[in-house]
Amino acid sequence: MPQMKSTIISMIRLEPAKPQEGDWICTAHGRAACTRDLVAVAELQTKDAVQTYRVCEPWLSENGDAATYLAEHGYDNRP
């Protein structure tokens, strides 16, 4: 599984999922490679700032850091 250079500091589930339109695109894959709806927004701590990362469902299981974060913390907007 791919690992990220940045640390996930929060993961917010989008309910309902949001279609990719305007500047809302799948950060992980890009609009040209991904036609799936966006299901979550991850906030990543980079070296210099907190960045917003909009993602589709496959990214949550394909990315080792995302899968680990969800297993340990769940979504930050769910009890």
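For the structure itself, look to the data block above.
All residue numbers refer to positions counted from 1 along the written sequence of the respective chain. Confidence filtering applies because this is a predicted model: local features only for residues at pLDDT of at least 70, side-chain atom pairs given and counted only at 80 or more, and all residues used for totals across whole chains, interfaces and linings. Where side-chain values are given, they derive from all heavy atoms of the structure, hydrogens and water being excluded.

> Hey, could you run me through the packing of aromatic side chains in this one?
Two measures describe an aromatic ring pair: the distance that separates the ring centres and the angle between the ring planes. We call Phe, Tyr and Trp rings a pair once their centres come within 6.5 Å, taking the six-membered ring for Trp, and we label the pair stacked below 30 degrees between planes, edge-to-face above 60, and tilted otherwise. As enumerated under the stated definition, the model contains 1 aromatic pair in all. Note on Tyr53 and Trp59: the rings are 5.3 Å apart at their centroids and 50° apart in plane angle, and the pair reads as tilted. Accessibility classification places Tyr53 together with Trp59 in one group, the buried group. A ring is scored as having a charge over it whenever the NZ atom of a lysine or the CZ atom of an arginine sits within 6 Å of its centre and within 35 degrees of its normal. The ring centre of Trp24 lies 5.2 Å from the NZ or CZ of Lys18, which sits over that ring. It is Arg54 that lies over the ring of Trp24; its NZ or CZ is 4.0 Å from the centre. To sort residues, take the accessible area from a 1.4 Å probe on protein chains only and compare it with the maximum for the residue type: under 20% means buried, over 50% means exposed, and anything in between is partly exposed.

> What exactly am I supposed to notice about the side chain of Ser6 here?
The helix and strand labels rest on DSSP assignments: H or I over at least four residues marks a helix, E over at least two residues marks a strand, and numbering proceeds from the N terminus. Following the sequence through the fold, Ser6 ends up in the segment before strand 1 (7–18). Note on Ser6: relative accessible area 18%, which makes it buried. By the convention used here, residues are in contact when the closest approach between their heavy atoms is within 4.5 Å. Contact partners of Ser6, with chain neighbours within four places excluded, come to Leu44, Gln45 and Thr46.

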